[in-house]
Amino acid sequence: MPVDGQTAGRPVGVRVRVTAVATGVVAIALVVGALALWFLVRFSLYGGLREGAAQDASAISSQMEEGAGTGFGELDDDRLLQVLDANGIVVVRSEGAPLSPVTSVTRPAQTVQVGGTTYVVAVEQATSDRAVIAGRPTSTADTTLATVAVALAVGVPVLVALVAVVTWAGVGRSLAPVERLRRQVGEVTSRTLGRRVDEPGTRDEIDRLASTLNDMLARLDVASASQRRFISDASHELRSPLTTLRQYAELARDHPDRVDHAELSAAVLSEGARMEELVQGLLLLAKADEAALSLQAREVDLDDILLGEAARLKTLGSVTTDATRVGATRVIGDPALLRQLVRNLIDNAARHARSRVALAARDEGDLAVITVSDDGPGIPEADRLQVLERFVRLDSGRARGEGGSGLGLSIVDEIARAHHGRVRIDADPELGGARVIVELPAAAS
């Protein structure tokens, strides 16, 4: 019945299961071995008696063939001997032997009962009109078999119990480090992810388990720190446009004569668009983290997307755009996500370029390669992986309104990985600034 909210059908532990299985296997093996041993000993003892009876019958037959008579002389034990004539009548017998034959001459039995004593018998045809039946009692052999049976009946349970005790103790000792690891891991909380479990240093499975747990805790610690940093940065990014909107709203409320409606509308639209872009980026990254970034995959012409975004950039007039190296490039992917990838690349390049942005697209074997370069200050080699992380700005002094949210390249990286591609960053040898390279599987592959 339930006790303290727990059911009686509590799962059996590993220690109990291993002990039960080991004990059961050993018990079965010992029982089978004991039975085999007992039958082997019986076969050997009864075989010896059968050979002895055959020797007795052969000796009497030899005497009869040599005409030495049919006397048995002095027997020093209770062997059974009978001589039968052609009619099957006992003509000579040993002391205590019955008057009638103990077994058939033509189809002799293996054993016979005479006066409560069991004999192993052998039959031999001595002459044409005489046959000899010889038997040896099994009392000594039966006593030996009884002794063996008692020994096995006592020894097998003792051995099984000993195996159970040794297995229980051995498994318990082997699982003690696992239980210690369980307790230590159970004490880890979201606030104590910096803790590590003890590694025994034995270089066995337990040691590898402890090492794996520590690696997992380290990854969780990094992920937790990254999540806290992400939440902090996201909150900071959202606070900036909200603060701006609130300031304009308070100014319009307290001093309506000082606020130009066109300026207020522009500010609201600008900050609202900035917040919308940030929220959309956060939602996309959240879906990517949960592996829920679904793709509406079909054939997409990347060159068309690049040329369309180049035309958009030219209308802004902030930088010169070179799209002469954009060649026909086709991939299988989500058009909306790939368009966002290209736009983020171009906006990032335009934001950091001094005066020029260059676009390129080409097929390289099984890959479709997009390249977006600028003539800006570039990215130091040590920071090229870091800029793919979220909310990273290498120039901390740059204004947020000019520097963006710090999500552009991280979104590019997530979209590329969702399409089984990758992002690389190096220096452009012609323009001198940064060159961002996106490699995606080509449609032909």
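Please read these numbers as outputs of a predicted model, since none were measured by experiment.

1. Examining the UniProt feature "transmembrane region" (unreviewed entry) in the protein chain
Thinking step 1. Under the present numbering, the feature "transmembrane region" (unreviewed entry) in UniProt falls on residues 20-41 and 145-171.
Thinking step 2. Secondary structure across residues 20-41 comprises 100% helix and 0% strand; the distance between its end C-alpha atoms is 31 Å.
Thinking step 3. In residues 145-171, the share of helix is 100% and the share of strand is 0%. The end C-alpha atoms are 38 Å apart.

2. A few points about the packing of aromatic side chains
Thinking step 1. For the structure shown, the criterion picks out one aromatic pair.
Thinking step 2. Arranged with centres 5.0 Å apart and planes meeting at 90°, the rings of Trp-38 and Phe-39 form a pair that is edge-to-face.
Thinking step 3. Look at Trp-38 and you get partly exposed, because its relative accessible area is 24%.
Thinking step 4. Using a relative accessible area of 52% as the deciding quantity, one classes Phe-39 as exposed.

3. Some remarks on the sheet that holds strand 7 (residues 320-326)
Thinking step 1. Within the open sheet, the five strands sit side by side as 7-9-10-12-11. Their pairing is mixed. Both outer strands of the open sheet, strand 7 and strand 11 (422-427), are each paired with one neighbouring strand and no more. Strand after strand, the sheet turns through a mean of 15° between neighbouring axes, direction not considered.
Thinking step 2. In this sheet, strand 12 (residues 434-441) lies alongside strand 10 (residues 367-374) in antiparallel orientation, the contact comprising seven bridges. Among the inter-strand pairings, Val-369 is bridged to a residue of strand 12, identified as Glu-439.
Thinking step 3. Contacts between helix 5 (residues 302-316) and the sheet are confined to strand 7, strand 9 (356-364), strand 10 and strand 12, with strand 7 contributing the most and set at about 165° to the helix.
Thinking step 4. Helix-sheet contacts for helix 6 (residues 335-352) involve strand 9, strand 10 and strand 12, and the interaxial angle to strand 10 is about 25°.

4. Details of the layout of surface pockets
Thinking step 1. The volume enclosed by the second largest pocket comes to roughly 250 Å³.
Thinking step 2. Around the second largest pocket sit 16 residues that line it, and Arg-325, Ala-360, Ser-373, Asp-428 and Glu-430 are the ones nearest its centre.
Thinking step 3. If you list the elements that add at least two residues to the lining of the second largest pocket, you get strand 7, strand 9, strand 10 and strand 12.
Thinking step 4. Residue contributions to the lining of the second largest pocket peak at five residues, all from strand 9.
Thinking step 5. Considering only residue class, the lining of the second largest pocket consists of six nonpolar, three polar and seven charged.

5. Concerning the nonpolar core
Thinking step 1. One finds Leu-302, Leu-341, Leu-345, Val-357, Ile-370 and Val-438 to be the most contacted residues of the largest nonpolar core, which totals 49 residues.
Thinking step 2. Take this core: its biggest share by element is eight residues, from helix 6.
Thinking step 3. Not counting residues within four places of it along the chain, the set of residues in contact with Leu-302 comprises Thr-329, Val-331, Leu-338, Ala-368, Ile-370 and Leu-440.
Thinking step 4. Core analysis: the second largest hydrophobic core is formed by 10 residues, Leu-84, Val-90, Val-102 and Ile-133 among them.

6. Digging into helix 5
Thinking step 1. If you check helix 5, its first and last C-alpha atoms are 22 Å apart, about what 15 residues at 1.5 Å a residue would give, namely 21 Å.
Thinking step 2. Along helix 5, the positions that sit buried rather than exposed are Leu-302, Asp-303, Ile-305, Leu-306, Glu-309, Ala-310 and Leu-313. Looking down the long axis of helix 5, one finds its buried residues gathered within 155° of arc, a one-sided arrangement.
Thinking step 3. Looking one or two places after helix 5, you find Gly-317, whose phi comes out positive at around 70°.

7. Quick notes on the confidence of the model for the protein chain
Thinking step 1. Here the protein chain shows a mean pLDDT of 84. Residues at 70 or above account for 90%.
Thinking step 2. The low-confidence segment residues 1-7 (pLDDT under 50) makes three contacts with residues lying over four places distant or belonging to another chain.
Thinking step 3. Scored below 50 in pLDDT, residues 396-403 makes 11 contacts in the model with residues more than four places away or belonging to other chains.

Calculation notes
- Residues numbered from 1 in each chain as written.
- Predicted model: local features only at pLDDT ≥ 70, side-chain atom pairs only at ≥ 80, totals over all residues.
- Heavy atoms only, no water.
- UniProt positions renumbered as here; feature names shortened; annotations may be inferred.
- Helix = DSSP H or I, 4+ residues; strand = E, 2+ residues; numbered from the N terminus.
- Phe/Tyr/Trp six-rings, centres within 6.5 Å; stacked < 30°, edge-to-face > 60°.
- Buried < 20%, exposed > 50% of the residue type's maximum accessible area, 1.4 Å probe, protein only.
- Pairing = 2+ DSSP bridges.
- Axes fitted to C-alpha atoms, helices over the stretch in contact; angles between N-to-C directions.
- Contact = heavy atoms within 4.5 Å.
- 1 Å grid on protein atoms, 1.4 Å probe; cavity = no way out; pocket = protein on both sides within 12 Å on 5 of 7 lines; lining within 4 Å.
- Points joined across faces, edges and corners; volume = space filled by probe spheres on them.
- Nonpolar A, V, L, I, M, F, W, Y, C, P; charged D, E, K, R; others polar.
- Core = buried A, V, L, I, M, F, W, Y, C linked by side-chain atoms within 4.5 Å.
- Expected span 1.5 Å × (residues − 1).
- Arc of directions from axis to C-beta.
- pLDDT = per-residue confidence, 0-100.

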